[in-house]
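Residue-level listing of the chains:
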Amino acid sequence: MIGHRPLRPRVRLRHPRTFTLNLLAIGIATWVMAVSPAISHAQPDRDEWLKWSELPPIPNSLGVAGPFVGVHGEALIVAGGANFPTPVWDNDKVWHDSIYVLPRSSGISTDDGPQWIEAGKLPRLTGYGASVSIPSSESAHHGVLCLGGNDSDATFRNVYLLRWDPSSRLIERIDFPALPEPCVHASAQLIGKSVYVVGGQTGSDLSTTTSHLWALDLSQSDDPASLVWARLADLPGPPRALHVTAAQHDGYETCLYVVSGRRQTQSGVEFLTDNWAYRPSTNAWQLKADVPQSVMAGTATHIGQSHIVVLGGDDGSLFGQADQLKDDHPGFPKKTFAYHTITDTWTEAGTSPANHVTTTAVHWGDSVIVASGEVRPRVRSPAVYQIELADAERSFGTLNYIVLFAYLISMLGVGVYFARRNRTTDDYFRGGSQIPWWAAGCSIFATMLSSVTFTGIPSKSYAQDWTYSIGNFTIPLVAFIAVYVAMPFFRRIDATSAYEYLEKRFNRMVRWFGSLSFSLFHVFRMAVVMSLTGLALSVATPLTPQQAVLLMGGLSIAYCTLGGIEAVIWTDTIQTVVLLGGALLAIVLMLMGTDGGFGGSWDHAVDADKMRLANLHFSPTHAQIALWVIVVGAIGQNLSSYTADQAVVQRYMTTASQSLAARSIWTNAVLTIPATILFFGIGTALHGFYHSHPERLSPAITTDQVFPLFIAREMPIGLAGLIVAGVFAAAQSTVSTSMNSTATALVTDFFRPLRLCRSERGYLIAARTLTFLLGVLGTLLGLVFVDPSIKSLFDTFIVVIGLFMGVLGGLFVLGGLTTRANSIGAMVGATIGAATMFTLWRFTDVNGYLYTTCGITSCFASGYLASLLTSPPTDSLAGLTIHTLGTSASAATVASVES
């Protein structure tokens with residue numbers, strides 16, 4: 001029949017639960033199949049790491065081996081060395097004393113670029129000594145320090161500094177204390193302000209090989225003659241010479257790495273492949289992963305924040321064959337290696353145009369220079385190579401961009417939606433006190449953890465261990481104080497600004513001091529978070545750090561200025577879901593991509609000691625932070641945040657009742673525990689993943705960029721966009737909160753008391769204007785603060801918190817715990833506390849984790865002592881201290897006077 005639809009048999013599912021489980025299993029399997037290619041990329045070509053180019057060759061046409069090489073005053077210096085005249089088999093080795101200088105500028109260039117000049121002579125013919133470049137930023141003794149060496153007759157102890165004078169175009173020489181013993185074929189590195197010299201051969205016949213480690217602390221005196229060499233722990237491995245050394249950060253501190261070399265045995269020469277790391281903070285050595293083959297007499301240097309590249313070396317294959325080699329022999333192997341100090345792994349890094357051994361690799365600006373050297377037994381080369389990191393190609397993909405910008409536009413839509421609901425400053429700053437408790441709790445959680453959680457904490461546990469996690473586990477403990485002490489104070493006085501309490505407890509000057517301190521802290525906090533997050537995102541997207549800062553700042557300004565606290569809280573809530581969901585997806589992929597899966601990742605974490613929770617020592621300056629520092633510092637930080645930070649206190653006032661506010665605090669405390677486990681777990685999983693795949697690490701990234709690197713290179717298309725959105729979300733949460741809470745403080749603490757506006761609408765306009773201006777200021781500072789040399793986003797953020805929040809926390813503790821403290825004592829405490837913070841930051845090595853607690857303690861102690869020496873407070877303290885929570889005004893006044 002026309003238009004009649006044929007009947008279809010009806011299908012009844014007898015076991016719908018089984019069908020659902022099967023469908024779920026198919027979905028999971030499909031997802032795993034889609035994900036798997038993302039974690040099984042082919043090994044990238046390591047030749048892409050480095051770009052090689054040639055500078056003008058040194059004036060000695062034959063080249064030299066064993067020269068002193070260094071950089072001073074923007075000039076490359078090559079001095080001394082030895083070579084063989086041609087034909088090499090008919091002549092003895094010739095030693096040299098010429099000093100050649102290649103200035104970067106100073107008018108000594110031609111149309112072909114900078115040209116070498118001969119700028120002086122060494123005090124004697126010398127080769128095969130050690131040399132170290134000392135920049136002026138590190139020491140008053142800046143220049144190229146030349147140590148030891150030999151000629152055909154003797155081995156030397158001499159140490160002297162070469163300095164380039166561009167005005168006279170000559171080298172100045174300054175004598176330094178001689179080495180404790182004659183030494184040749186040793187190596188030297190600069191760590192901090194100390195020069196370290198290790199190994200080498202001694203004696204006129206070079207028959208003795210040593211394991212000695214000597215250090216010269218350049219900070220001891222500005223007079224070179226007053227400096228003294230100190231002997232440190234000997235290298236535990238075999239005594240050696242012609243070894244390779246480099247100084248590089250291992251996640252905790254900069255260490256001295258000694259690799260390969262050779263030693264003389266009764267049966268002949270042994271080529272070594274071991275690798276040792278010396279930790280200056282403990283004066284101890286640790287055996288690391290062996291280099292894949294001997295790189296004796298090679299050149300090596302640090303590159304990036306955690307890589308060492310070995311640019312060549314002698315593997316022993318040509319030993320004893322010098323007389324049999326033909327002129328066209330390629331020489332020493334040209335294979336190069338990269339060592340990653342954090343994961344303790346080696347990987348091949350491609351090949352070099354020429355393998356120059358017995359020379360020193362130096363950093364000249366952004367480049368590494370390998371000048372002259374030996375290319376095969378008895379044959380030198382005058383070539384000078386300049387090596388730079390290759391620019392990594394960053395492709396984000398159309399789908400990732402769609403996901404990212406869809407999310408960001410939706411955040412802007414939230415601001416537009418809530419803009420219509422803000423009619424008064426109470427709506428703009430407190431959401432009319434109608435925010436659901438769970439949303440307020442998510443907002444506190446997002447505010448406290450922010451982008452430092454998403455990038456800083458994983459990079460910290462990746463580079464170190466779980467010791468910092470103990471700090472987050474103190475948040476539930478501090479939550480008791482927030483719920484039962486701090487929050488009731490602020491609810492009782494109906495505070496829009498936390499610093500209203502300081503005026504009621506002390507006076508308006510103290511309130512203004514607290515409000516200004518808070519405002520400065522959050523402007524700098526915005527700048528730090530945006531700049532460091534911009535650096536992290538630059539490796540995951542084609543955006544530059546500056547472009548990422550502008551994008552984060554611009555969007556945060558837009559939705560925060562329009563929507564007020566409601567927009568901030570609801571976007572924080574959404575961002576919490578994105579942050580946690582993206583992190584869960586990421587850790588699953590990491591575990592899938594690690595050798596052995598979850599079990600392999602766990603075994604590796606245990607073997608590498610990545611699960612350590614405590615360091616049981618008492619030093620406040622040790623590179624491996626002590627347990628007591630974590631506990632004491634975290635309690636101080638969290639106490640300040642939950643009692644003195646307007647960004648958190650403001651959330652206490654957005655719910656309808658005190659009991660709902662308490663729920664929001666507990667929500668944050670409960671979320672903190674799984675989030676801490678998740679993000680520290682990501683760092684541990686990252687370490688396992690890149691230990692399995694060291695070839696996928698780029699030396700161009702910082703440690704804080706390792707998680708974004710994983711996102712960019714290992715995540716499936718679409719999911720990478722979601723995770724990057726999570727990073728943006730976390731940063732925007734911090735920035736928008738800072739903008740709104742700072743505007744709240746300024747309007748409430750300054751505009752209203754000074755009656756700068758005539759109507760409620762005027763104050764609302766002022767609030768929006770201030771929010772906009774503060775956002776612009778924070779974004780501009782973020783552009784200024786972009787600094788790739790920062791070792792840890794987490795550490796930097798902790799220092800910023802400590803410098804500002806310690807004194808603020810001290811004022812609230814002083815006011816809340818005592819009835820004797822007065823306004824004079826409060827200002828004295830604030831001044832001394834600020835001076836203490838500055839002193840700790842500029843003149844000590846105390847761990848930044850202690851700054852907040854030190855600020856609270858110094859402010860409280862000095863403020864209370866000053867109060868005892870002056871008149872007691874005369875105003876009522878009812879409801880303003882823990883001692884007067886339930887007392888009447890008159891009784892509280894009497895109690896404060898009598899105390």
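This text goes with the structure placed above it.
Residues numbered from 1 in each chain as written. Predicted model: local features only at pLDDT ≥ 70, side-chain atom pairs only at ≥ 80, totals over all residues. Heavy atoms only, no water.

Some points on the overall build of the protein chain
Of the regular secondary structure elements, the protein chain holds 20 helices and 34 strands. Across the 899 residues that make up the protein chain, the buried fraction comes to 59%. Residue pairs in contact within the protein chain that sit at least 24 positions apart in sequence constitute 70% of those at least 6 positions apart. When the accessible surface of the protein chain is split by element, carbon and sulfur atoms take 59% of a total near 35,300 Å². (Helix = DSSP H or I, 4+ residues; strand = E, 2+ residues; numbered from the N terminus. Buried < 20%, exposed > 50% of the residue type's maximum accessible area, 1.4 Å probe, protein only. Contact = heavy atoms within 4.5 Å. Areas by Shrake-Rupley, 256 points an atom, 1.4 Å probe, with all protein chains shown as cover.)

With respect to the environment of Glu348
Position of Glu348 relative to the elements: it lies in strand β29 (residues 345-351). Linking Glu348 and Thr336, residues 12 residues apart in sequence, is a C-alpha distance of 6.1 Å.

Points about unusual backbone geometry
A positive phi angle, close to 50°, is found at Asn283, a residue other than glycine. Its location among the elements puts Asn283 in the loop between β24 (275-279) and β25 (284-288). A relative accessible area of 33% means that Asn283 is categorised as partly exposed. Its identity as a non-glycine residue notwithstanding, Arg378 has a phi of 75°, on the positive side. Note that Arg378 resides in the loop between β32 (374-376) and β33 (379-380). Here Arg378 falls in the partly exposed class, since its relative accessible area comes to 30%.

A closer look at helix α15 (residues 719-751)
The periodicity of an α-helix, 3.6 residues per turn, causes residues three or four places apart in sequence to face the same way. With 33 residues, α15 ought to run about 48 Å at 1.5 Å a step, and its terminal C-alpha atoms sit 46 Å apart, in line with that. With 31 of 33 residues buried, α15 lies mostly within the body of the structure. (Expected span 1.5 Å × (residues − 1).)

Description of the packing of aromatic side chains
Evaluation of the coordinates by the stated rule reveals 23 aromatic pairs. Measuring from ring centre to ring centre gives 5.8 Å for Trp95 and Tyr128, while their planes differ by 80°; the resulting arrangement is edge-to-face. Residue Trp95 is found in strand β5 (residues 94-95), and its partner Tyr128 is found in the loop between β9 (117-121) and β10 (130-134); the two are separated by 33 residues along the sequence. Residue Tyr128 is classed as buried on the basis of its relative accessible area, which comes to 6%. A network of ring pairs unites the aromatic residues Phe490, Tyr499, Tyr501, Phe518 and Phe812 as a single cluster. Arg124 extends its terminal NZ or CZ atom over the ring of Phe156, reaching a point 4.4 Å from the ring centre. Over the face of the ring belonging to Trp841 we find Arg842, whose NZ or CZ atom lies 5.4 Å from the ring centre. (Phe/Tyr/Trp six-rings, centres within 6.5 Å; stacked < 30°, edge-to-face > 60°. Lys NZ or Arg CZ within 6 Å of the ring centre and 35° of its normal.)

Description of the sheet that holds strand β20 (residues 244-249)
Across the sheet, 4 strands lie side by side as β20-β21-β24-β25; this open sheet has antiparallel pairing. What marks the edges here is a single partner per strand, and that holds for β20 and β25. The average angle at which neighbouring strand axes cross in this sheet is 25°, direction not considered. As defined by bridge partners, strand β21 (residues 254-259) adjoins β24 across 4 bridges and the pair is classed as antiparallel. (Pairing = 2+ DSSP bridges. Axes fitted to C-alpha atoms, helices over the stretch in contact; angles between N-to-C directions.)

Considerations on a nonpolar patch on the surface
Where nonpolar side chains cluster on the molecular surface, the patch consists of Leu399, Ile402 and Ile717 and spans about 310 Å² of accessible area. Topologically, Ile402 is positioned in helix α2 (residues 398-419). (Patch = residues over 30% accessible without salt bridge, like charges linked within 9 Å, V, L, I, M, F, W, Y side chains within 5 Å. Salt bridge = Lys/Arg side-chain N within 4 Å of Asp/Glu carboxyl O.)

Without other data, these values stay purely geometric and don't point to any function.
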